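Per-entry structural report
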Amino acid sequence: MNVLAIDTSNYALGVSIINDKKVIGEYITNMKKNHSIRVMPAIQRLLEDCDLSPADIDKIVVAHGPGSYTGVRIGVTIAKTLAWTLKVPLVGVSSLEVLAADHLFFPGIICPLFDARRSQVYTGLYQFENGRLTSVLEDQLLLLPDLLNELKIRNESVLFAGNDVELHRERIIDVLGEKANFAPFTHQNPRPSVLARIGADQKGVTGDALHAFVPQYLRLAEAEAKWREARKNDE
């Protein structure tokens, strides 16, 4: 079974194809460039390099958020369109879970995070138990001080993962000291092959059910929030 994974939920763009337990191909970039004009050419190039056609894809897995509002929307829209056109199942996976799942051998808590500005972060807490990734704290939008206080109370070793971790490294160390660990920079990009692996065994949705598949933003886009507030004030 050929599984195509798509992740445009943050600055890093990643696409991958796996077949059973083999990574057939993987493409990752981490640049501030427009995903909307790059992701389809990336998928096409990957298929060509892997000697595959769209008809060879059996399942699509997408990172459905949280992350950049625009980035998440682009990835989900393209994944839904491809799944509908190819008549294959679509699986959505947490963008934070993808980051956490790449750290199998860390014995403590894994804390993936994306910066959400104004001292806020998208985050969740994960841990491997008997080789299986489990959620310790559900994905959510938190103030960084609240996250660090939660981790300080837990008093366990924590591995921070994600390209935005460097923005908060000093504050993390100030609060957690030696309990804070940081993934090497080579493991800060979410791996689309890991995304594919997570979604490969999940059932997914097909047909008309695809219309109900939506991104997991965890908060409204700023423009939508202002629009709703304006409507509320007019009522």
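The sections below set out a description of the structure shown in this document. Predicted, not measured: the structure shown is a model, and the values here were computed from it. Sequence order as written defines the numbering, with residues in each chain counted from 1. Where totals are concerned, whole chains, interfaces and linings use all residues; where local detail is concerned, this predicted model gives features only for residues with pLDDT of at least 70, and gives and counts side-chain atom pairs only at 80 or more. Computation of side-chain values covers all heavy atoms of the structure but excludes hydrogens and water.

The next thing to look at is the overall build of the protein. Along the protein, the regular secondary structure elements total seven helices and 10 strands. Taken over C-alpha atoms, the radius of gyration is set against a globule rule of 2.2 Å times the number of residues to the power 0.38. For the protein, the C-alpha radius of gyration of 18 Å lies close to 18 Å, the compact-globule estimate for 235 residues. Only protein chains enter the calculation, and the probe is 1.4 Å; a residue is then buried if its accessible area is under 20% of its type maximum, exposed if over 50%, and partly exposed in between. Looking at the protein as a whole, 49% of its 235 residues qualify as buried. Taking the contacts inside the protein whose residues are at least 6 apart along the sequence as the reference set, 65% of them involve residues at least 24 apart. Split by element, the accessible area of the protein, about 12500 Å² in all, is 50% carbon and sulfur. Numbering of helices and strands starts at the N terminus; helices are DSSP runs of H or I of at least 4 residues and strands are runs of E of at least 2. Residues are treated as being in contact if the distance between any of their heavy atoms lies within 4.5 Å. The accessible surface values rely on the Shrake-Rupley method and a 1.4 Å probe; as for residues, cover is taken only from the protein chains in view.

The subject of this paragraph is the pattern of salt bridges. Here a salt bridge means any side-chain nitrogen of Lys or Arg lying within 4 Å of a carboxyl oxygen belonging to Asp or Glu. Tallying each qualifying case throughout the model produces four salt bridges. Put simply, R45 and D49 hold a salt bridge, and the shortest N to O gap is 3.0 Å. Of this pair, R45 and D49 both sit in helix α1 (residues 39-49), four residues apart, which is roughly one turn of that helix. Given a relative accessible area of 52%, R45 falls into the exposed group. Here R169 ties to E166 by a salt bridge, and the two come within 2.7 Å at their closest N and O atoms. With a relative accessible area of 29%, R169 lands in the partly exposed category.

Our focus in this paragraph is the packing of aromatic side chains. Two rings belonging to Phe, Tyr or Trp (six-membered ring only in the last case) form a pair when the distance between their centres is within 6.5 Å. Interplanar angles under 30 degrees mark stacking, angles over 60 mark edge-to-face geometry, and anything in between is tilted. Using the criterion set out here, one finds two aromatic pairs in the structure. Against the face of F182 rests R169, its NZ or CZ located 4.1 Å from the ring centre. Sitting over a ring, as applied to charges here, requires NZ of Lys or CZ of Arg to be within 6 Å of the ring centre and within 35 degrees of the ring normal.

Our focus in this paragraph is the sheet that holds strand β10 (residues 180-182). Remark on secondary structure: sheet strands pair via backbone hydrogen bonds, oriented parallel or antiparallel. An order of β8-β7-β6-β9-β10 is seen for the five strands of this open sheet, with the pairing classed as mixed. One side of each edge strand has no neighbouring strand; the edge strands of this open sheet are β8 (132-143) and β10. Neighbour-to-neighbour, the strand axes of the sheet open up by a mean angle of 25 degrees, direction not taken into account. By the convention used here, strands pair only if DSSP detects at least 2 bridges between them. Where strand β6 (residues 109-115) and strand β9 (residues 158-161) come together, four bridges link them in parallel fashion. In the strand pairing of β9, C111 is matched with F160. Here an axis means a line fitted to C-alpha atoms, over the contact stretch when the element is a helix, while the angle between two N-to-C directions is reported on a 0 to 180 degree scale.

Strand order in the open sheet formed by five strands is β3-β2-β1-β4-β5, with mixed pairing between adjacent strands. Taken across any chain shown, the strands that pair with only one partner, and hence form the sheet edges, are β3 (22-30) and β5 (90-93). Sheet twist, expressed as the average angle between the axes of neighbouring strands with direction ignored, equals 15 degrees. Bridging between strand β1 (residues 2-7) and strand β4 (residues 59-63) involves four bridges; their strand directions are parallel. Its bridge partner being in β4, A5 is matched across the sheet by V61. Lying over the sheet, α1 contacts β1, β2 (12-19) and β3, oriented at roughly 30 degrees with respect to β2.

What follows concerns the nonpolar core. Nonpolar cores are built from buried Ala, Val, Leu, Ile, Met, Phe, Trp, Tyr and Cys residues. Side-chain atoms within 4.5 Å join them into one set. Of all hydrophobic cores here, the largest spans 28 residues; its most connected members are V93 and L195. When residues of this core are traced back to their parent elements, those giving at least two are β1, β4, β5, α3 (95-100), β6, β7 (120-129), β9 and α6 (192-200). Residues I6, A83, L90 and Y217 belong to the second largest nonpolar core, which totals 26 residues.

A word on α1. Turning to α1, its buried residues are V39, A42, I43, L46 and L47. Relative to the axis of α1, the buried residues are bounded by an arc of 130 degrees and lie together on one face. Looking at α1, the residues exposed on the side facing more than 90 degrees away from the buried face are R45 and D49. Among the structural elements, β1, β2, β3 and α2 (69-86) are those in contact with the buried residues of α1. Remark: D51 follows α1 within two positions and exhibits a positive phi of approximately 55 degrees. Relevant arc is that of directions from the helix axis to the C-beta atoms, nothing else.

With that out of the way, let us pick up the environment of F106. Tracing the sequence through the fold places F106 in the loop between α3 and β6. A C-alpha to C-alpha distance of 35 Å links F106 and S36, two positions 70 residues apart in sequence. Setting aside chain neighbours within four positions, we find F106 in contact with S157, V158, L159 and N181.

This is a description of form; function is not addressed.
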